[in-house]
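As a plain string of letters, each chain reads:
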Amino acid sequence: CLRNGPFSLSWQQHKEEAVNLVKLAQVLLEVSKKITVGESKLSLQFRAGLHSGPCVGAIAGKHRRFYRLFGDSVNTAARMCQHA
């Protein structure tokens, strides 16, 4: 999610963040092809969906806490990932 509000980024900074996210996704895709799990030779699969827009982040869970993002941008990215 790209930032809004008092920590807003310029259009150029948004563009740079988007390019960096795409580069990260490409590296993760390449690395995931080389990873196998144990002796079973199961491979790690990785998909990425990218979308920019407003979102909210929060820590969720009582026993097993994790950081979660919520918002239409997150849902759009998830749908893009499902259809990749």
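Residues numbered from 1 in each chain as written. Predicted model: local features only at pLDDT ≥ 70, side-chain atom pairs only at ≥ 80, totals over all residues. Heavy atoms only, no water.

A. Just the pairing of strand β3 (residues 56–60), in detail. In the sheet, β3 pairs with strand β4 (residues 66–70) via five bridges, with the strands oriented antiparallel. Bridge assignment links G57 to a residue of β4, and that residue is L69. Hairpin geometry of β3 and β4 is characterised by an intervening segment of five residues between the two adjacent antiparallel strands and by a positive phi of about 100 degrees at G61. (Pairing = 2+ DSSP bridges. Helix = DSSP H or I, 4+ residues; strand = E, 2+ residues; numbered from the N terminus.)

B. Quick peek at helix α2 (residues 72–82). Along α2, the positions that sit buried rather than exposed are S73, A77 and C81. Viewed along the axis of α2, the buried residues span an arc of 75 degrees, placing them on a single side of the element. Of the exposed residues in α2, those oriented more than 90 degrees away from the buried face are D72 and Q82. (Buried < 20%, exposed > 50% of the residue type's maximum accessible area, 1.4 Å probe, protein only. Arc of directions from axis to C-beta.)

C. Fine view of the environment of A78. Checked against the element boundaries, A78 lands in helix α2. As a C-alpha pair, A78 and R47 span 31 residues in sequence and 9.7 Å in three-dimensional space.

D. Molecular detail of the pattern of salt bridges. The tally for this structure, following the rule as stated, stands at one salt bridge. The salt bridge partner of E30 is K33, with a shortest N-O separation of 3.4 Å. Within this pair, E30 and its partner K33 are both found in helix α1 (residues 11–34), separated by three residues, close to a single helical turn. (Salt bridge = Lys/Arg side-chain N within 4 Å of Asp/Glu carboxyl O.)

E. Region of interest: a nonpolar patch on the surface. On the surface, a nonpolar cluster with roughly 510 Å² of combined accessible area is contributed by L21, V22, L24, L28, L29, F46 and L50. Relative to the elements of secondary structure, L24 occurs in helix α1. (Patch = residues over 30% accessible without salt bridge, like charges linked within 9 Å, V, L, I, M, F, W, Y side chains within 5 Å. Areas by Shrake-Rupley, 256 points an atom, 1.4 Å probe, with all protein chains shown as cover.)

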